[in-house]
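If you want the building blocks of each chain, they are given just below.
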Amino acid sequence: MKTRLLFGNVAVGDTPPELGYDVTTTTVVLGALASRDWRPMHHDRDFAVNRNGTRDIFLNTPNQAAWFERYLTDWTGPTGRLGRMTFRMNAPVFPGDHMVFTSTVTGTEIDDAGCGWIDLDVALMVGDVAATTCAVRIAVPVDEDDNPWQRRGDGWRP
Amino acid sequence: MTTSSAGPPTGDLADIPDEVLARFGDVQYEQEGGFPVEQGYTWTTCSAVENANPLFWDDAVAVALTDGPIAPPTMLSVWFRPHHWSPGHTEPAVPLQAHFDLKDELDLPEAIISSNTITFHEPVRPGDRVRSRQILRSISGPKTTRLGLGRFWVIEVEYLNQDGALLGVESYTAFGYRRPGEGAQ
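Counting its secondary structure elements, chain B contains five helices and six strands. For chain B, the α and β elements follow one another from N to C terminus as α-β-α-α-α-α-β-β-β-β-β. Structurally, chain B occupies a C-alpha span of about 60 × 35 × 35 Å along its principal axes. When the accessible surface of chain B is split by element, carbon and sulfur atoms take 54% of a total near 8,400 Å². When the 13 basic and 25 acidic side-chain charges of chain B are each reduced to a single mean position, those positions are 5 Å apart.

Quick look at the overall build of chain A now. What chain A contains, in helices and strands, is three helices and five strands. Walking chain A from its N terminus toward its C terminus, one meets helices and strands in the order β-α-α-α-β-β-β-β. C-alpha atoms of chain A, sized along the principal axes, occupy 55 × 30 × 25 Å. Within chain A, buried positions represent 54% of all 158 residues. Of the contacts made within chain A by residues no fewer than 6 positions apart, 69% connect residues no fewer than 24 positions apart. Taking the 15 positively charged and 21 negatively charged side chains of chain A as two groups, their mean positions are separated by 6 Å.

This part is about the interface of chain B and chain A. Quoted interface sizes are often the accessible area lost when the parts come together. Facing 42 residues of chain B, the contacting portion of chain A comprises 38 residues. At the boundary of chain B with chain A, total buried surface from both sides reaches about 3,500 Å², with 52% on carbon and sulfur atoms. When the buried surface of chain B facing chain A is broken down by residue, Val49, Leu65 and Thr74 of chain B rank first, second and third, together holding 17% of it. In this structure, the connection of chain B to chain A is made through two salt bridges. Here arginine 152 of chain A and glutamate 122 of chain B are joined by a salt bridge, their closest N and O atoms 3.4 Å apart. For the pair chain B and chain A, the interface holds 22 residue pairs in polar contact (both at pLDDT 80 or more). Breaking the side of chain B that touches chain A down by element, the ones donating at least two residues are α2 (39-48), α3 (54-57), α4 (59-66) and β2 (110-120) of chain B. The greatest single-element share of the side of chain B that touches chain A, amounting to nine residues, is contributed by β2 of chain B. Split by residue class, the side of chain B that touches chain A holds 20 nonpolar, 15 polar and seven charged.

Per the stated rule, a full pass over the model turns up 14 aromatic pairs over all chains. Ring centres of phenylalanine 68 of chain A and phenylalanine 101 of chain A lie 5.2 Å apart, and the angle between their planes is 90 degrees; on these two criteria the pair is classed as edge-to-face. Note that phenylalanine 68 of chain A is positioned in helix α3 (residues 61-76) and phenylalanine 101 of chain A in strand β3 (residues 98-110), a separation of 33 residues in sequence. For phenylalanine 101 of chain A, a relative accessible area of 0% gives the class buried. Seen from their ring centres, tryptophan 43 of chain B and tryptophan 57 of chain B are 6.4 Å apart, and the 15 degrees between their planes marks the pair as stacked. With tryptophan 43 of chain B in helix α2 and tryptophan 57 of chain B in helix α3, this pair connects stretches of sequence that are 14 residues apart. Judged by its relative accessible area of 35%, tryptophan 43 of chain B falls in the partly exposed class. Feature note: the residues Tyr21, Trp67, Phe68, Tyr71, Phe87 and Phe101 of chain A constitute an aromatic cluster, connected by ring pairs. Between arginine 81 of chain A and the ring centre of tryptophan 156 of chain A, over which it is positioned, the NZ or CZ distance is 3.7 Å.

Residue and element names in this part refer to chain A. For the structure on display, the rule yields 19 salt bridges over all chains. Salt-bridge contacts for aspartate 56 lead to arginine 45; the nearest nitrogen and oxygen are separated by 3.5 Å. Placement of aspartate 56 in the loop between α2 (45-50) and α3 and of arginine 45 in helix α2 is noted, with a sequence separation of 11 residues between them. As a salt-bridge pair, arginine 151 and aspartate 146 come within 3.3 Å of each other at their nearest N and O atoms. Each member of the pair, arginine 151 as well as aspartate 146, carries the same accessibility label: buried.

So, on to α2 of chain B. Of all the positions in α2 of chain B, only Tyr41, Thr42, Thr45, Cys46 and Ala48 of chain B are classed as buried. In a view along the axis of α2 of chain B, the buried residues occupy a sector of 160 degrees, so they form one face of it. Lining the buried residues of α2 of chain B we find α1 (25-34) and α3 of chain A together with α3 of chain B. Following α2 of chain B by one or two positions, glutamate 50 of chain B has its phi on the positive side, about 55 degrees.

With that out of the way, let us pick up α1 of chain A. All names here are of chain A. Within α1, the full set of buried residues consists of Thr27, Val28, Gly31, Ala32 and Ala34. Down the axis of α1, the smallest arc covering the buried residues is 165 degrees, so these residues share one side. The N-cap of α1, judged by a side-chain oxygen 3.2 Å from the amide nitrogen of threonine 26 a few residues on, is threonine 24. Positive phi shows up at arginine 36, right after α1, with a value of about 55 degrees.

Thresholds, definitions, all that
- Residues numbered from 1 in each chain as written.
- Chains lettered and ligands numbered in written order.
- Predicted model: local features only at pLDDT ≥ 70, side-chain atom pairs only at ≥ 80, totals over all residues.
- Heavy atoms only, no water.
- Helix = DSSP H or I, 4+ residues; strand = E, 2+ residues; numbered from the N terminus.
- Areas by Shrake-Rupley, 256 points an atom, 1.4 Å probe, with all protein chains shown as cover.
- Lys, Arg positive; Asp, Glu negative; His and termini not counted.
- Charge placed at Lys NZ, Arg CZ, Asp CG, Glu CD.
- Buried < 20%, exposed > 50% of the residue type's maximum accessible area, 1.4 Å probe, protein only.
- Contact = heavy atoms within 4.5 Å.
- Buried area = accessible area lost by both parts, 1.4 Å probe.
- Salt bridge = Lys/Arg side-chain N within 4 Å of Asp/Glu carboxyl O.
- Polar contact = N/O pair within 3.5 Å; in protein donor to acceptor, adjacent residues only side chain to side chain.
- Nonpolar A, V, L, I, M, F, W, Y, C, P; charged D, E, K, R; others polar.
- Phe/Tyr/Trp six-rings, centres within 6.5 Å; stacked < 30°, edge-to-face > 60°.
- Lys NZ or Arg CZ within 6 Å of the ring centre and 35° of its normal.
- Arc of directions from axis to C-beta.

Shown next, in the form of structure tokens:
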């Protein structure tokens, strides 16, 4: 990963590269256990179908958050620092689904502390359905010498 | 303990038990995670989503950017999720206990999390002991959705490290409901 996205390289309306991934049962179970989510609808198909009424087990929210983070930092590089994420879960994501992460830059701002912020609307799409949407605020360096990770206290206003 | 940002409850609360109303803004379930933050778990999570960010894999990058290894910010809630089993506990522990309390107290057997906001503050580092605390912020009046009749509520979870530094805040909006045709107990 060589990317090191700078604030000046981003404009409202930009659309970062998409990320596509074929979801399998392993994707769901591995993600649930990695996020220490032991609830049966994320690993037990009988429970998911017969109790939850869904057609299979499905991706849990903390693991989806990890996918969103991966998608965003693939774009920004390691100097991108997440400030805020708001998720809205609209539909489950099942094994056999092909999920595609898409996004649009909705705002850019340098705050009073000098931190460069990018706002994006990100969607986890399955076909034409936005299964999960996420409004994101992420900080990126304003120049080559800046590093959002070094911001502390009043210098970090997510 | 009552936090300063506690907001008033909203909507028709006539049927809400007094003990629930009394909890608005109170800190509940302050607890420490069952284990210190460990780097192996961050690698497992990065592996699960094929996250190649060198910040989590390359110590030199971590030292240069963050003064040493950190965990992915979105793992914030992972560090306080209880073990499925531990000695002396006969029932599986559940995270977000304040949410499950409301389901019971309001007699709403089903619930979904409809939205979730996470705000990230200080990075989480290997060895940190993460503490969490839950705060009930609001309950709506009765609402009917396609799922059934119920109420929305908002619970915040604050995460702090062993030095008291704020690591992040999660705000959960949930809808607790009863399926159509299911009567109250």
